[in-house]
Each structure stands twice: as C-alpha cells, then as structure tokens.
Amino acid sequence: MNRREALNRVAILMGGAVSAPTIMALMEGCTPKDTASTPFSLSADYQSLVAEIAEVIIPTTDTPGAKEAGVGPFIETMLRDCYSDAQAAHFTKGLKALESKSKELGGSFVSLSSEQKTEVLKGMEAAAGAEKQEAEKVKEIDAETGKVKDDGKGAEKVTPFFNIMKELTLFGYFTSEIGATQELDYVPIPGKYEGCIPLKEGQKAYAL
Amino acid sequence: MNIQGKAKEQNTFDAIVVGSGVSGGWAAKELTEKGLKVLMLERGRDVVHVSGYEDMMKESWDFPHRGRVDKTAAEEYWAVKRTGYAANEGNRGLFEKDIDHPYKEKRRFDWIRGYHTGGRSLMWGRQSYRWNEKDFTANLEDGNGVDWPIRYGDLAPWYDYVEKFAGISGQKENWDVLPDGQFQKPMEMNCVEQHFREQLENKFDGRHATIGRVAHLTEPTEEQTALGRGSCQYRNKCIKGCPYGAYFSTQSATLPAAKKTENLTLINDKIVYEVIYDDDLGKATGVRAIDQNTKEEIEYFAKIIFLNASAINSAWIMMQSKSKRHPNGLGNISDQLGRNIMDHHLSSGAGGVIDGWEDKYYYGNRPNGIYIPRFTNWGNDKRDFLRGFGYQGRAQRKRGVPTDATFGATLKESLTIPGQWTMGIGGFGETLPSESNLMTLTDDKDQWGLPVIEFDAWWGDNEQKMRVAMRDEAIAMLESAGFQNVNGYKDEEKSPGIGIHEMGTARMGREEKTSVLNKNNQVWGAENVFVTDGAAMTSSSCVNPSLTYMALTARAADFAVNELKKMNM
C-alpha cells in the first residue's frame, strides 16, 4: 500500500472526518517495543550531523529551514520512541557511512561546502535506491497465500538511511510551527467552508 | 437496618440509565423531561464539556511525536491501534487503554471503547442516515435472522424528532433508498465532488452521490443555542472534542437538556455488571455495580432500567444477570443473547487522481465527505450476494507538485503548492445476522473480578462476495468519471469491530423464543428493562447506525413513561 492509497483509505474510513496531520501521522505505524532494549540516543556530534542533513533537505530560503524548525531533535525523538531498535541501529549505520563519504571529500559533513554536502547526500540517495532494489530481489512470493515471504534471513526489514532521513525531515518540518505557519497556509479556525473557489495568486497549500 | 434502609432510599430513583453515550444520553434526556428522577451510571471518569477536551486546541507541533503512535502507546492500545487512527497521540486520550480492559479473541475482533461521560458520542464519525423501508423487511424476505417487530413507519416520527433536536445537516434528495430527514443546511461539495456527482447521474442508472448527512449544526435552532450549542467552525478536529458544541454529543446536547430538568443524577466510575431481578415480583428492581477506583460494591434501585452500555457491554451485563426466571441471563430463553454480532465491513474501495480544476480550491476543513447510497440489489440491480453497501468518500487537493529535485530549495518550494485533485471512496457493507457470530463470558477475570469477554465472529461468504463488488464498482465509478491511476483495494486484514458499529447482541423480535427484546425494546420476561443501544438491532443495514439508536431510544422512553403512568410497570 503506498502513501496516497493509505491516505485515501483512512479519509474514506472516517467519512472525511480526520484532519490531514492525523492521517499523515498514521502513515507509518510504529513497531512494537522490543523487550529489554536501551533507549536510542545520538551523540552530540551525530545530533549536529542530523540537524545539518535535514537542513540540506529543507534549507533556509526566504523562510526558515529544517534546523530552525527543530527537525534534528525531532528525528532523534521519533527514532527512540516510534521505531524498532533495528531501524534505529540501521539509521546510525547510515550516519557513519555518510561521515566516511564526507571524509573522502575532506572532512566532516558539517564542515563541507554546500556543493559537497549535496554530492554526499546524492550518494546516500543512490545507496538507498540500491539497497531497496536488493531487498526487492530477495523477496519471495508464497504460492499459497500470495504474500511476500520472509526474506529468509529472518531479519527485520528496515528502511534505507536516506529514505527515513528524508521522510522524517519532511514530516517534522511541515508539522512544526515554522513549517505549518510560515511555509504553508495555516488557518486554525476557518469558521466556514467554501467548496469551490478560485485559487488566489500565490495561494499556498493549507497546513491542515 | 435503619442505615441500610436509608441507603436504599438514597439509591432509589424512578429510572436508571446505564451508560452515557449516544443512546444513554437520549434515554436520560427523554426520561427526565417527562418528569422522572433519573440516575445515569457511567463506568468511566467524567469528561466535562469543553474543559475536559484536553487536546482540543493543540496543534501538530504540540505533540512530541506529531500525532504518531509511540511504542508504549502501541502496547497499551493494542486493539485501538488497529483502527489506524484512534491510537494517535492527539486523540487517544478519549479511547480506552486495552491493557486495562482485556478481552479475548477466538477470532480477531477490533473492540474500540470509550469509557467516560459521553462514551463514544465524543469520538463518533457523526454520519447520520435513516434506514429505509426495505432495511426493516430484508430479514423476512431473504430469511436471514428474524423479522423486525417494527417497520420504517414505526420509527419515522421518531427520526423526525431526534433529527430536529440533534441537528443533522444534509441535502434532501427524494431517494427511496436513503429517506430524507429534518435537515439543516447541507455542507458544500467541492468542485471535483460536484463533477463526480454529475458523472454518476449521467453514466450509471440509479447511482447517486450526495453530501454526507452529519450531526453538525449549520443553522442552529433556538433550542440548540439555548443549550450552548453553536455552528460548526470547520476545524475538523472533532475527534478531540468540539468546544463549540456544534457536533452532537451527549455533552453538547442531551446532557445539558437532561440537567436543565433538575431530575438527573450522574454518577461516574460505577461499573454496572448485573441487573437485579426479583423472581417474586417478576421484574427487575435495580442494578449492581462496582466502583472502578475503590472496588466498592453498590446497588441502585428503580422502577425502570435502560441499558445503554453499548452493544457488547449491555449484553455482558445481561449475561451476568441470572435468576430463576432467567437462568441463562436476562431475557435469554431464546439463547440469542450475545449472538448475531454485526458490524459494517469496510476497507474496500478505490482512489484516483484527476486532471483539471487547477485554478480552483476550497476554504476550511469540512468535517464531512460525500455519500453514495446503496445501489446493489435495489430496483433492477441483482447480484450474487444479498443486500448492499454505501460509500463514503471525498475529493481534495494534494499538497505539493511534482519536481525532479529530491531535496533542497526546489523540493521545499514544490511541497507548498496546492497539487493535483484526488478522490477516494470506500464501502460500508451490510453484515447479515448469524447466530454463530457471538461473544461469551470466559472464566478469566478483569481487575474488578468481572468476567472477560471472548469474541468469535467473522465475515461470512455474503460479506466476502460483497467486498469484491465494493472494490470493483468503486474502480468503475471513478474511471467512468475521468479519474486516472485508479487504485482499488480490498483489505483482508480488517476484522469485525473495525467499523465500530457493533450491533445485534440482544436483538428485537416478535417472539421470546427467538429474540431477546420485544417491539418496544423491553426485555422478554423483564419488561421494565429496556435495551436501546446497538444490542437491540435485528439487522444491520449498510448505513451508519447511531441515528437509529437515537430514534429507538426516544420511542422506547416514550413508551416506558406511558406504561409507568398507566401503572403497568
């Protein structure tokens, strides 16, 4: 089920009674808590690194970017509270890989020029694509149930680093106060409903 | 003895209403307005109108997980989570933690609960439709379940009555399949929904779309404003509680009306688990309850009792109410108590996108969608299954336009522009009554020492066949209306309960040997006990049921008070 399909489904289920952020919020279900796990956390360096990557994905323009919107700490909170240990560990591995790519260009990601940052991130994006393709290959279809069989390794399926980084950045940014009120059209109490009106020049999409 | 006598006097009322949700609220309103001293017992905590809606004014950024379900909540709300929305951070406060209220599943059952004043009237979807004439005769015609002891004509004046008070907005259409009601001004359809409505009329015989009929005030009456209710403000944050009293809930509507009479006593935290039946008198004399916090046992007494604890819990109370006259539970000579569980099956439908209307938008968040009434097995339409389904859906503009940029300023910009129009429609299908779909009491006990329920219910062949049509007709209608990339879906992982429209555990009927309640919602053999929530339903129709619970409750309350006046109770 893709995101759009899921969104449609939920909207339908509620007879349209659910607001967009509510729908967005359930797109990614959290997996049940592993037993006896230590809470996920990032080192200070990695905290700056995550904030920096988010800022490249959603940069400051005439409106604030991801860093000012607090996307970095948000991503750490989400990985700790909403994702499995395996997913969080895979994310940390991604950060490590990103840093070693950055070193090849002369230093830590944070210290690179914006062109170099883009280059590193493009590399991570390509790696995510390859990782996903690889995962597809090992998928087997069960003849009886028509369902995808376990990948055989018994390992939990995890989302590639770049994908989860990007997704949480976009989600975190557009649900932040900055993202919702400065980058989108935010109307807390509309007071009326008009079903079919001309689109105004420069009208931004609604935050809700 | 003296103290006990006094305690009994203090705990004696004209009527007891068990439960404070949609139907319990109506029972309390009707009975108090007719002059009875009424005790309303609610098993959960009190939620005070407006001040009790803790998340009501919060924004997405006020929630640390921006609404998503964290790992702890996923464990606590293991059943609620199955809905895909109700365990979300911003609204789960009004849903019950399943770990605190265990139940068992022989087959998976998604039991979604709200134990507090107002019950699920605070979180319902508010879609409000009348049943049609055939909904009341279908069982008789195709031989499933038992015949309803009432017909549409018996309920029509009571639909009028409850619609006027509750405030239902909708469009009159003059369709047999979806009888019109007493409507306030309809909400508007957006451009693409209007287009869809026209295309449906042009391309399909007997298929229609109308704006959803919802319990939201669009033109409040004097009676409604006098209770403190106002118009819908189009925030669409209804599930967090409505500060404007615009949508119908116990808190906004029936409770203030009942309180106004000064005849109502509301007591919270009392889990009613048994109806006290006096074999010598041949009637019920009260109820037994346990305090959810102190675990203290307590009895209350009254001339009449209304069970409105929700379909499952009303049956659960009756199953525990055993006496010489009722050895298998109250009104259960037929062995039908706890059987015939119905719900609406859903999660089958389609969605797509459409080009055009790029220069059009909408304003406000409409807490409502469109409705496509049943068309299968109606008129000339004949299918390989019985009965039918309606669709709920909506069109909206996506946020964001396509770009090659996968990150950076261009992506950021593209995500702020109103995008393509999308539309989705999903079916709500009728479930046939079946004796083998049931709940039982197990030997397991909850923290109050009360028996834990086990569910054993599933969709039958008829529902499975209907689900295929729900998906395929949705695809056909969207494609005919010019939508592209139409995705059909038929989710196999949803189970009964997911519609949160549980019905049928104490069905109405014409005979004691085949039903639990008579035509006035009286329990057979305990005629001063009335059950008017979803438990009473003899069949399920495909439309949302709450409006029918309201009408049944008002009708039964009127009957009860007349009988009381005639000294028949």
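Keep in mind that this is a model prediction, so the values were computed, not measured.

**Q** Any chance you could explain the overall build of chain B here in plain terms?
**A** Within chain B, the regular secondary structure consists of 12 helices and 20 strands. Within chain B, the proportion of its 569 residues that are buried is 66%. Sequence separation of at least 24 residues holds for 72% of the intrachain contacts in chain B that already meet a minimum separation of 6. With an accessible surface of roughly 19,500 Å², chain B has 46% of that area assigned to carbon and sulfur atoms. Averaging the positions of the 71 positive and the 79 negative side-chain charges in chain B gives two centres separated by 1 Å.

**Q** How should I be thinking about the domain arrangement of chain B in this particular structure?
**A** How big an interface is tends to be reported as the loss of accessible area on association of its parts. Residues and elements named next belong to chain B. Under the domain assignment, chain B is made up of domain 1 (5-170 + 213-343 + 431-459 + 495-566) and domain 2 (185-212 + 344-430 + 460-494). A C-alpha centroid distance of 31 Å is found between domain 1 and domain 2. Listed by partner, the interface residues are 42 residues for domain 1 and 34 residues for domain 2. For the pair domain 1 and domain 2, the two sides together bury roughly 3,100 Å², of which 54% comes from carbon and sulfur. When the area that domain 1 buries against domain 2 is broken down by residue, the three leading residues are Y234, W459 and C542, summing to 24%. Summed over the shared surface of domain 1 and domain 2, the number is one salt bridge. Across the pair R387 and D142 runs a salt bridge whose closest N-O atoms are separated by 2.8 Å. Tallying contributions element by element places helix α4 (residues 138-142) first for the side of domain 1 that touches domain 2, with three residues. Classifying every residue of the side of domain 1 that touches domain 2 by side-chain character gives 15 nonpolar, 17 polar and 10 charged.

**Q** How should I be thinking about the sheet that holds strand β17 (residues 451-456) of chain B in this particular structure?
**A** Note on sheets: strands pair through backbone hydrogen bonds, and any given pair is parallel or antiparallel. Residues and elements named next belong to chain B. Spatially, the three strands line up as an open sheet ordered β3-β17-β16, and their pairing is mixed. Each edge of the open sheet carries a strand with a single partner, namely β3 (104-105) and β16 (438-445). One ladder, built from two bridges, connects β3 with β17; its direction is parallel. Opposite E105, over in β17, you have F455 as the bridge partner. Of the strands in this sheet, β16 and β17 are in contact with helix α9 (residues 311-319), which crosses β16 at around 60°.

**Q** Help me understand the pairing of strand β14 (residues 389-399) of chain B, please; the structure alone is not making it clear to me.
**A** Put simply, side chains in a regular strand alternate between the two faces of the sheet. Residues and elements named next belong to chain B. With respect to burial, β14 is a largely interior element, eight of its 11 residues being buried. Sheet analysis places β14 next to strand β15 (residues 418-429), joined by 10 bridges and oriented antiparallel. Paired with A395 across the bridge in β15 is M423.

**Q** Looking at this model, I keep getting lost on the interface of chain A and chain B. Mind explaining?
**A** The partner chain B presents 82 residues to the 83 residues of chain A that form the contact. Interface area, chain A with chain B, both sides summed: about 6,800 Å², of which 59% is carbon and sulfur. In this structure, the connection of chain A to chain B is made through two salt bridges. The salt bridge involving B:R68 is made with A:E167; its shortest N-O contact spans 3.9 Å. For the pair chain A and chain B, the number of links is 27 residue pairs in polar contact (both at pLDDT 80 or more). Mapped onto the side of chain A that touches chain B, the elements with two or more residues apiece are α1 (3-13), α2 (20-25), α3 (44-57), α4 (71-82), α6 (114-138), α7 (161-174), α8 (177-183) and β1 (194-198) of chain A. The leading source of residues in the side of chain A that touches chain B is α7(A), at nine residues.

**Q** Would you explain the state of the cysteines in this entry?
**A** Disulfide: a covalent bond formed between the sulfur atoms of two cysteine residues. Summed over all chains, the structure comprises one disulfide over all chains. A sulfur-sulfur distance of 2.1 Å marks the disulfide that ties A:C196 to B:C191. Across the S-S bond linking A:C196 and B:C191, the dihedral sits near 115°, which makes this disulfide right-handed. You can see A:C196 sitting in strand β1 and its partner B:C191 sitting in helix α6 (residues 191-203), one on each of two chains. A residue is classified by how much of its surface remains accessible, and A:C196, at 30% relative accessible area, is partly exposed. Classification of B:C191 by relative accessible area gives buried; the value is 4%. Free cysteine: B:C238, not disulfide-bonded; nearest cysteine sulfur from B:C242 at 6.3 Å.

**Q** Got a minute to help me understand the pattern of salt bridges in this structure?
**A** Note on pairing: side chains with opposite charge can pair once their charged atoms come close. All names here are of chain B. For the coordinates displayed, the defined rule picks out 45 salt bridges over all chains. Across the pair R107 and D456 runs a salt bridge, and its minimum N-O distance is 2.7 Å. With R107 in the loop between β3 and α4 and D456 in strand β17, this pair connects stretches of sequence that are 349 residues apart. Owing to a relative accessible area of 32%, R107 belongs among the partly exposed residues under this scheme. The partner of D110 in a salt bridge is R108, and the shortest N-O contact between them spans 3.1 Å. Judged by relative accessible area, D110 falls into the buried class, the value being 0%. Linked through salt bridges whose partners overlap, the residues forming this network are R82, E105, R108 and D110.

**Q** Could you clarify how one ought to interpret unusual backbone geometry in this entry?
**A** Across the chain, the bulk of peptide bonds are trans and the bulk of non-glycine residues have phi less than zero. Residue and element names in this part refer to chain B. Phi is positive for K295, which is not a glycine, with a value near 65°. With respect to the element layout, K295 can be found in the loop between β9 (283-291) and β10 (297-307). When its relative accessible area of 39% is taken as the criterion, K295 is described as partly exposed. Unlike most non-glycine residues, D335 shows phi in positive territory, near 60°. Here D335 falls in the partly exposed class, since its relative accessible area comes to 41%.

Cut-offs applied
- In this numbering scheme, every chain counts its residues from 1 along its sequence in written order.
- Throughout, the order in which chains and ligands are written sets their labels, letters from A for the former and numbers from 1 for the latter.
- Only residues with pLDDT of 70 or above have their local features reported here, since the model is predicted, and side-chain atom pairs are shown and tallied only from 80 upward, although totals for entire chains, interfaces and linings are computed over all residues.
- With hydrogens and water stripped out, all remaining heavy atoms of the structure feed into the side-chain values.
- The numbering of helices and of strands both runs from the N terminus, where a helix is a DSSP run of H or I of at least 4 residues and a strand a run of E of at least 2.
- The buried label applies to any residue whose accessible area, calculated with a 1.4 Å probe on protein chains only, is under 20% of its type's maximum; exposed applies above 50%, and partly exposed to all values in between.
- Here, residues are in contact when the closest pair of their heavy atoms is within 4.5 Å.
- Under the convention used here, a 1.4 Å probe and the Shrake-Rupley method define accessible areas, while residue burial counts only the protein chains that appear.
- A residue counts as positive if it is Lys or Arg and as negative if it is Asp or Glu; His and the chain ends are not included.
- Charge coordinates come from a single atom per side chain, which is NZ of Lys, CZ of Arg, CG of Asp or CD of Glu.
- The domain boundaries here were taken from an automatic or database domain assignment.
- We define buried area as the total accessible area lost by two parts upon association, computed with a 1.4 Å probe and summed across both.
- Salt bridge, as used here, is a side-chain nitrogen of Lys or Arg placed within 4 Å of a carboxyl oxygen of Asp or Glu.
- Polar here means any residue other than Ala, Val, Leu, Ile, Met, Phe, Trp, Tyr, Cys and Pro, which are nonpolar, and Asp, Glu, Lys and Arg, which are charged; Gly is therefore polar.
- In this scheme, strands are said to pair when DSSP sees at least two bridges between them.
- Angles shown run from 0 to 180 degrees and are taken between the N-to-C directions of axes, each axis being a line fitted to C-alpha atoms and, for helices, limited to the stretch in contact.
- Within 3.5 Å is the distance limit for a polar contact, defined as a pair of N or O atoms, with the added protein rule that one can donate a hydrogen and the other accept it, and that residues adjacent in sequence qualify only through two side-chain atoms.
- What counts as a disulfide here is a pair of cysteine sulfur atoms lying within 2.5 Å.

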